[in-house]
Amino acid sequence: SQSLNSGHQPTKGGYSPIAMNGKEVYKFATSEVPRVINEALGNAGLTTEDIDYILLHQANIRIMEVVAKKLGLSMDQVIRNIDEYGNTSAGSMPLALDEAVRSGKVKEGDVIAFAGFGAGLSWGASIVRWGGQGKPAAAAAPPAAA
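In this text, all values refer to a predicted model and were calculated from it rather than measured experimentally. (Residues numbered from 1 in each chain as written. Predicted model: local features only at pLDDT ≥ 70, side-chain atom pairs only at ≥ 80, totals over all residues. Heavy atoms only, no water.)

This part takes up the confidence of the model for the protein. In this model, the protein carries an average pLDDT of 85, and 83% of its residues clear a pLDDT of 70 or more. Note that residues 135-143 has pLDDT below 50 and, in this model, zero contacts with residues that lie over four places away or in other chains. (pLDDT = per-residue confidence, 0-100. Contact = heavy atoms within 4.5 Å.)

Quick look at helix 4 (residues 92-102) now. Taken together, the buried positions of helix 4 are Ser-92, Met-93, Ala-96, Leu-97, Ala-100 and Val-101. Down the axis of helix 4, the buried set is contained in an arc of 155°. They therefore lie on one face. Opposite the buried face of helix 4, by more than 90 degrees, sit the exposed residues Pro-94 and Arg-102. On the buried face of helix 4, the contacting elements are strand 1 (53-56), strand 2 (78-79) and strand 3 (111-118). Directly after helix 4, the chain includes Gly-104, whose backbone phi takes a positive value near 90°. (Buried < 20%, exposed > 50% of the residue type's maximum accessible area, 1.4 Å probe, protein only. Helix = DSSP H or I, 4+ residues; strand = E, 2+ residues; numbered from the N terminus. Arc of directions from axis to C-beta.)

This part takes up the pattern of salt bridges. What the rule picks out here adds up to four salt bridges. Note that Lys-27 is salt-bridged to Glu-24, the shortest N-O span being 3.0 Å. One end of the pair, Lys-27, and the other, Glu-24, are both in helix 1 (residues 22-43), three residues apart, so they sit about a helical turn from each other. Put simply, Arg-35 and Glu-32 hold a salt bridge, and the shortest N to O gap is 2.8 Å. Taken together, the residues Arg-35 and Glu-32, both in helix 1 and three residues apart, mark about one turn of the helix. (Salt bridge = Lys/Arg side-chain N within 4 Å of Asp/Glu carboxyl O.)

Rendered as structure tokens:
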């Protein structure tokens, strides 16, 4: 093998099986997600009473139920599609939002609390007041036929 400038020798990489401790993920999500949503609401000058919907990473319906309960929200306020598709990983939130917008469930002016968690137990939340029907503000015109 060739020597790198720093004197280190390249080595062959390898992979280990992925493992998840479901109980710990559940405990983490059901404690941190409500906390981070409340923090985001506070930063936005809002409270849980202002939320029309919450949209969480579609990992587990039990997590969604506990988070909704801790926030004082009904399951009717939880945008979800996990029952149809399961956990679609990083695509779960945009897929569920797209369906909610296309079906007319989410309407202009609705306040949606988003919260995601994942890889390495990272997490984040945002509060969005929905401003349109899912179309970009400056949609480009399709190319003209030649």
